[in-house]
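Remarks on the overall topology
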Amino acid sequence: MNITPESLYKILFKYFRSLNWWPKDLGYHKKTGSDPRFEVIVGAILTQNTAWSNVELALENLKREKLLDIKLISQLDLKSLKKMIRPTGYFNQKATRLKNIAEHLENKYSGNLDSFFDRNLNEIREELLSLNGVGPETADSILLYAGNHSIFVVDAYTKRLCKRLPMETKPEYYEIQDFFQKELSKIYKNNEISKIYNELHALIVIFAKTYCKTKPNCEDCPLKKFCKYASQLI
Ligand code: SF4
């Protein structure tokens, strides 16, 4: 029996409820006058190839020094930035990427994220993808979680799920993205779709971390009855 993106969303939402992803420290941004959407952009770069708990350590370091801000990071010396984001690994590469994106936003948009995001989705996406170290997953996370644009984020967990569950898509980035977007937009209205993409990606991540791990924990899995992979394990 195939499972549709809508059923996947409904089952996971019933199981985990709303996850309110992506986390933003609104109190910090209110106090410092910085834009909370930049915290999402920073998180999207720093989370590449590392656990979120390491990203939290780096964000804490930046906040402690009151540096979680477009202009301040664009002006910060690389050595200090590397030191602060060290917990996330690949810190040489990530510091350069972070500074580069902050400089881009500062120089081209005067650090104004309304000017950056208030444009056609494809235009912003192309621009993000042209920046050093920004691939499809990072670009789409920024568009969805910082820009509130309607685009479904695909990551390694989503690909794994699409390999294990009977879904009518090849387990590749753009095939999965097109499939989820096409199916979900048949059900949900334009004004609610980015919220659905937002929730569903977060739900897939927590589900894959809890149950559908590399070595899956199928016993109590809420999707067990659909799963072709679980039946092969028996
Ligand atoms: S039954 Fe196992 S393999 Fe299938 S989705 Fe659940 S955890 Fe993953």
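For clarity, every value in this text was computed on a predicted model and none was experimentally measured. (Residues numbered from 1 in each chain as written. Predicted model: local features only at pLDDT ≥ 70, side-chain atom pairs only at ≥ 80, totals over all residues. Heavy atoms only, no water.)

1. Brief notes about the overall build of the protein
Check the secondary structure of the protein and you find 14 helices and zero strands. Sequence-ordered secondary structure for the protein, helices as α and strands as β, is α-α-α-α-α-α-α-α-α-α-α-α-α-α. Scaling as 2.2 N^0.38, a compact globule of 234 residues should have a C-alpha radius of gyration of about 17 Å, and the protein matches this with 19 Å. A buried classification covers 49% of the 234 residues belonging to the protein. Across the protein, contacts joining residues at least 24 apart in sequence account for 63% of those joining residues at least 6 apart. For the protein, the accessible surface area stands at approximately 11,900 Å², while carbon and sulfur atoms represent 48% of it. Where the 36 positive side-chain charges of the protein centre and where its 28 negative ones centre are 5 Å apart. (Helix = DSSP H or I, 4+ residues; strand = E, 2+ residues; numbered from the N terminus. Rg over C-alpha atoms; globule rule 2.2 N^0.38 Å. Buried < 20%, exposed > 50% of the residue type's maximum accessible area, 1.4 Å probe, protein only. Contact = heavy atoms within 4.5 Å. Areas by Shrake-Rupley, 256 points an atom, 1.4 Å probe, with all protein chains shown as cover. Lys, Arg positive; Asp, Glu negative; His and termini not counted. Charge placed at Lys NZ, Arg CZ, Asp CG, Glu CD.)

2. Digging into the pattern of salt bridges
For the structure on display, the rule yields 13 salt bridges. Put simply, E6 and K10 hold a salt bridge, and the shortest N to O gap is 2.9 Å. Residue E6 and its partner K10 are both found in helix α1 (residues 5-16); the two are separated by four residues, about one turn of the helix. (Salt bridge = Lys/Arg side-chain N within 4 Å of Asp/Glu carboxyl O.)

3. Regarding the domain arrangement of the protein
The assigned domain composition of the protein is domain 1 (5-20 + 151-229) and domain 2 (26-146). Relative placement of domain 1 and domain 2: their C-alpha centres are 26 Å apart. Every contact between the two is made by 13 residues of domain 1 and, on the other side, nine residues of domain 2. Contact between domain 1 and domain 2 buries roughly 900 Å² in total, counting both sides, with carbon and sulfur atoms accounting for 63%. Linking domain 1 to domain 2 there are zero salt bridges. (Domains from an automatic or database assignment. Buried area = accessible area lost by both parts, 1.4 Å probe.)

4. Quick word on the environment of E126
By secondary structure assignment, the location of E126 is in helix α9 (residues 121-129). Under the relative-accessibility criterion, E126 is labelled exposed at 53%. The spacing of E126 and P136 is 10 residues in sequence and 9.7 Å in space, taken between C-alpha atoms.

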